[in-house]
Amino acid sequence: MHIAVCVKQILDPEISPRAFKIDRERKVADAGGASMVIGPFDLNALEVAIQLKERHGGQVTVLTLGTDKAKDALRRALAMGADAAVLIDESQFAANEPSVTARILAAAIRKLGGVDLVLTGRQSGEWDFGQVGALLAEELKMPFVPFVPRLDAQGAGLRLEREADGGIVVVEAPRPCVASITNATDNVPRLPKVKDIMMANRKPITTYGAADLGLGPDESGEAANRLEVLDLFIPEVKSECEFIEGENGAEKGANLARKLVERKVI
Amino acid sequence: MNIVVIGWGGDGQTPSAAVRELLGGARRLADQSGGQVIAGALGAAASAAQGMVQCGADRVLTVDHPALREADADAYVAAAKAVCDRAGEALVLVPGDRLGWEVAPRLAHRLGAGLVTDCVAVDYEAGRFVMTKPVYGGKAMARLAAKTAVQVALVRARAMEAPAPEAGRSGSVEEVAVQVAAGPVRVIERKREESSGRVRLEDAPVVVSGGRGLGGPEPFAQLEEIAQLLGGAVGASLAAVDAGWISPAHQVGQTGKSVAPDLYIAVGISGASQHVAGMSGSKTIVAINKDPEAPIFRVAHIGVVGDYKDVLPSFLAELRRIKGA
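Bear in mind that the values here come from a model prediction, so they are computed numbers and not experimental data.

Rules and cut-offs
- Residues numbered from 1 in each chain as written.
- Chains lettered and ligands numbered in written order.
- Predicted model: local features only at pLDDT ≥ 70, side-chain atom pairs only at ≥ 80, totals over all residues.
- Heavy atoms only, no water.
- Helix = DSSP H or I, 4+ residues; strand = E, 2+ residues; numbered from the N terminus.
- Rg over C-alpha atoms; globule rule 2.2 N^0.38 Å.
- Buried < 20%, exposed > 50% of the residue type's maximum accessible area, 1.4 Å probe, protein only.
- Contact = heavy atoms within 4.5 Å.
- Areas by Shrake-Rupley, 256 points an atom, 1.4 Å probe, with all protein chains shown as cover.
- Lys, Arg positive; Asp, Glu negative; His and termini not counted.
- Charge placed at Lys NZ, Arg CZ, Asp CG, Glu CD.
- Phe/Tyr/Trp six-rings, centres within 6.5 Å; stacked < 30°, edge-to-face > 60°.
- Lys NZ or Arg CZ within 6 Å of the ring centre and 35° of its normal.
- Buried area = accessible area lost by both parts, 1.4 Å probe.
- Salt bridge = Lys/Arg side-chain N within 4 Å of Asp/Glu carboxyl O.
- Polar contact = N/O pair within 3.5 Å; in protein donor to acceptor, adjacent residues only side chain to side chain.
- Nonpolar A, V, L, I, M, F, W, Y, C, P; charged D, E, K, R; others polar.
- Pairing = 2+ DSSP bridges.
- Expected span 1.5 Å × (residues − 1).
- Axes fitted to C-alpha atoms, helices over the stretch in contact; angles between N-to-C directions.

A.B. asks: Whenever I open this one, the overall build of chain B confuses me. Can you help?
C.D. replies: Assigned secondary structure in chain B consists of 10 helices and 16 strands. Its C-alpha radius of gyration of 21 Å places chain B within 12% of the 20 Å reference for a compact globule of 325 residues. Judged by the C-alpha coordinates and their principal axes, chain B covers about 60 × 45 × 40 Å. The burial tally for chain B puts 58% of its 325 residues in the buried class. Sequence-distant contacts in chain B: of pairs separated by 6 or more residues, those separated by 24 or more amount to 63%. Here chain B has roughly 12000 Å² of accessible surface; of this, 48% comes from carbon and sulfur atoms. Of the side chains in chain B, 33 bear a positive and 34 a negative charge, and the two mean positions are spaced by 3 Å.

Shown next as structure tokens:
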């Protein structure tokens, strides 16, 4: 089975709110000294793909749309166990929103050819549009299964668990298909060993540009973007917290209940 | 501009809470931008068509089909598309539940529409719709506009206000014949979510959540007692779920459930942005934490600095006295 995993390199989401800065002019987060990492759900997707390969054999190709710096993310994925990596050179496109990103990724997956399963994280962990998986399915005309914590091959298709409103649903889907992966206890991303990291440095990274993918500016340039960011700001948190008084915890506890009555909350 | 509300779920003649909220928001936006509210009543929601009129719809288009009763996303995408095709240029509001996250991008793709997901606000400003969503785990907010003729907003629960139904309100109801077919993804089994049975976390008017500060699974029994007394549900932070103290079904946060109850009580939760992103819309937030510097106090309205072990027993006792329980 050939599994393609789409990942995005993002600003470390663990960065503390104090260290988090944005560039209001350019309407992007200011990376500053913060580290760049693979999105948390994308890591879950990689783990799912590698486990599937370990069970049934096959090949995992990791793709990212990014700058040269995103090679770090690809190396990380290779160290985890991906077999091949593709960097799509972001500078040749203007992918400012998910519909363009998905179109570019879909073109890359078509160019790879023979892909049986496409995985993405459920959302990037950054702008969190959470659209790319579904849009890839539309672009590639493949079935789509979202919010998948675990999956396995079954005959010529796949058996997937998915989170739905009200519970977990087990589904069967034909291959090829697209699934967006959510976190679960059994897809916690593995930590690559030093040996694997060294090996990964020797694996080649393929680069695709606009010409390789046959995409023109109408499809993937500025004009193709359907959304406009008007403003990006850090919401002012006016702390309006009223602290409950009391000699000790027990007194504060009782006073809290009375305060809720006083404020007509209960 | 016309505002389309995509409606599903609900039981009988009353639209679901999510749909009533969207109708409230749609009415406001239609009045401001000079258009009609067109509601799509899909699947079981078709029987709530009159209820949708009473909540502000001018025109209700019903689509029913067995595949819609099975929550088949492919069928919902086709049905929603049929409704949107009849509305022309419009802003389309979709409920931000799991089905919505699945349907909205595919619907937007077929409509050639720009889509903003996880909207906490949609406003009409200077002749266009402005959609606000949290980004970077809630550390920042983005305001976006779509450049397309048809625009789609996936709206978070409780972001809009449900109106009181008006019994005498008039509006048209018409059935739309659509070619709807079940998709290639076949349901094998549905595992109902384990829950304490009373009320769904997302719908609960009161949520009592515990985090890493609880130190183990046992204290959740106390949270459960408080929740029961207040008619609410128990939530948890990612840390508590990761520690295995409570099932992931209870997780509140960016990667768990988004809740916006009237009262949210955070016990032993530090207030990582990840968690806050899932509960910051709560009307009243109470935080109980040992650490006076915990970030949770920045979003809390009422704070108790103290050890939950000392605070909770007397809080519970006083609650019982107040409730006469």
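A.B. asks: Explain the packing of aromatic side chains to me, please; I cannot follow it from the model alone.
C.D. replies: Two aromatic rings are characterised by how far apart their centres lie and by the angle between their planes. Taken as a whole and assessed by the stated rule, the structure comprises six aromatic pairs over all chains. With a centroid separation of 5.2 Å and an interplanar angle of 50°, the aromatic rings of A:Phe20 and B:Tyr136 are classed as tilted. One end of the pair, A:Phe20, is in the loop between β2 (9-11) and β3 (21-23); the other, B:Tyr136, is in the loop between β7 (128-135) and β8 (140-146), on a second chain. Taken as a pair, A:Phe20 and B:Tyr136 share a single burial class, namely buried. Look at A:Trp127 and A:Phe129: their rings are 6.1 Å apart centre to centre, the planes differ by 20°, and that puts the pair in the stacked class. A:Phe129 matches A:Trp127 in its accessibility class, with the two residues each being buried. Members of the aromatic cluster, connected to one another through ring pairs, are A:Phe20, A:Trp127, A:Phe129 and B:Tyr136. One residue, B:Lys139, lies across the ring of A:Phe20, its end atom 5.9 Å from the ring centre.

A.B. asks: How should the interface of chain A and chain B be read in this particular structure?
C.D. replies: A common measure of how large an interface is: the accessible area buried when the components associate. Across the contact, 77 residues belong to chain A and 69 residues belong to chain B. In total, chain A and chain B occlude about 6700 Å² of area from one another, counting both sides; carbon and sulfur atoms represent 59% of this. If you look at where chain A meets chain B, you find eight salt bridges. Of the charged contacts, one joins B:Arg98 and A:Glu163 as a salt bridge, the two residues approaching to 2.7 Å between their closest N and O atoms. At the junction of chain A with chain B, the criterion picks out 35 residue pairs in polar contact (both at pLDDT 80 or more). Secondary-structure elements contributing two or more residues to the side of chain A that touches chain B are β4 (28-30), α4 (132-140), β9 (144-148), β11 (157-164), β12 (167-174), β15 (227-233), β16 (242-243) and α8 (249-262) of chain A. Looking at the side of chain A that touches chain B residue by residue, the class counts come to 43 nonpolar, 11 polar and 23 charged. Where β12(A) meets strand β11 (residues 186-192) of chain B, six bridges bridge the pair, whose relative direction is antiparallel. By the bridge assignment for β11(B), A:Gly167 is matched with B:Arg192.

A.B. asks: What's the story with helix α3 (residues 98-112) of chain A in this structure? I'm lost.
C.D. replies: Every α-helix carries 3.6 residues per turn, so stepping three or four residues along brings you back to the same face. Residues and elements named next belong to chain A. A rise of 1.5 Å per residue sets the reference length of α3, with its 15 residues, at 21 Å; its end C-alpha atoms lie 21 Å apart and thus fit the reference within 8%. A large share of α3 lies buried, amounting to 12 of its 15 residues. Along α3, the positions that sit buried rather than exposed are Pro98, Ser99, Val100, Thr101, Ala102, Arg103, Ile104, Leu105, Ala106, Ala107, Ala108 and Ile109. Two residues or fewer after α3 comes Gly113, characterised by a positive phi angle close to 75°.

A.B. asks: Explain the sheet that holds strand β1 (residues 2-7) of chain A here, please?
C.D. replies: Through backbone hydrogen bonds, the strands of a sheet pair up, either in parallel or in antiparallel fashion. All names here are of chain A. Pairing is parallel in the open sheet, where seven strands are placed in the order β9-β13-β8-β1-β6-β7-β14. Taken across any chain shown, the strands that pair with only one partner, and hence form the sheet edges, are β9 and β14 (205-208). Here the strands of the sheet are splayed against their neighbours by 20° on average, with no regard to which way each runs. Pairing of β9 with strand β13 (residues 177-181) involves three bridges; the strand directions are parallel. Bridging from a neighbouring strand, Phe144 pairs with Val178 of β13.

A.B. asks: How do you make sense of the sheet that holds β12(A) when you look at a structure like this?
C.D. replies: Pairing in this open sheet of four strands is antiparallel, and the strands run β10(A)-β11(A)-β12(A)-β11(B) from one edge to the other. Both edges of this open sheet fall to β10 (150-154) of chain A together with β11 of chain B, since each of them pairs with a single strand only. The mean angle between the axes of side-by-side strands here comes to 20°, regardless of whether they run parallel or antiparallel. Sheet topology places β10(A) next to β11(A); five bridges connect them, and they run antiparallel. Each bridged residue has a counterpart across the sheet, and for A:Ala153 the counterpart in β11(A) is A:Leu158.

A.B. asks: Got a minute to help me understand the side chain of B:Gln151 in this structure?
C.D. replies: Residues and elements named next belong to chain B. Topologically, Gln151 is positioned in strand β9 (residues 151-155). Its relative accessible area of 7% is what places Gln151 among the buried residues. Among the polar contacts listed, one links the side chain of Gln151 to the backbone oxygen of Ala146, at a separation of 3.4 Å. Beyond its immediate stretch of four places on either side in the chain, Gln151 contacts Met1, Ala90, Leu91, Val92, Ala113, Gly114, Phe129, Met131 and Ala146.

A.B. asks: What should I look at first to understand the pairing of strand β4 (residues 90-95) of chain B in this one?
C.D. replies: A regular strand places its side chains so that they alternate between the two faces of the sheet. Residues and elements named next belong to chain B. Burial analysis of β4 places six of its six residues in the buried class, the great majority of the element. Taking every second residue as pointing to the same face, both faces of β4 are buried, with Ala90, Val92 and Val94 on one and Leu91, Leu93 and Pro95 on the other. Note: strand β1 (residues 2-7) against β4, four bridges, orientation parallel. The partner of Val4 across the bridge, within β4, is Val92. Strand direction decides the pairing type here: β4 and β9, joined by five bridges, are parallel. When the sheet's bridge partners are listed, Val94 is paired in β9 with Leu154.

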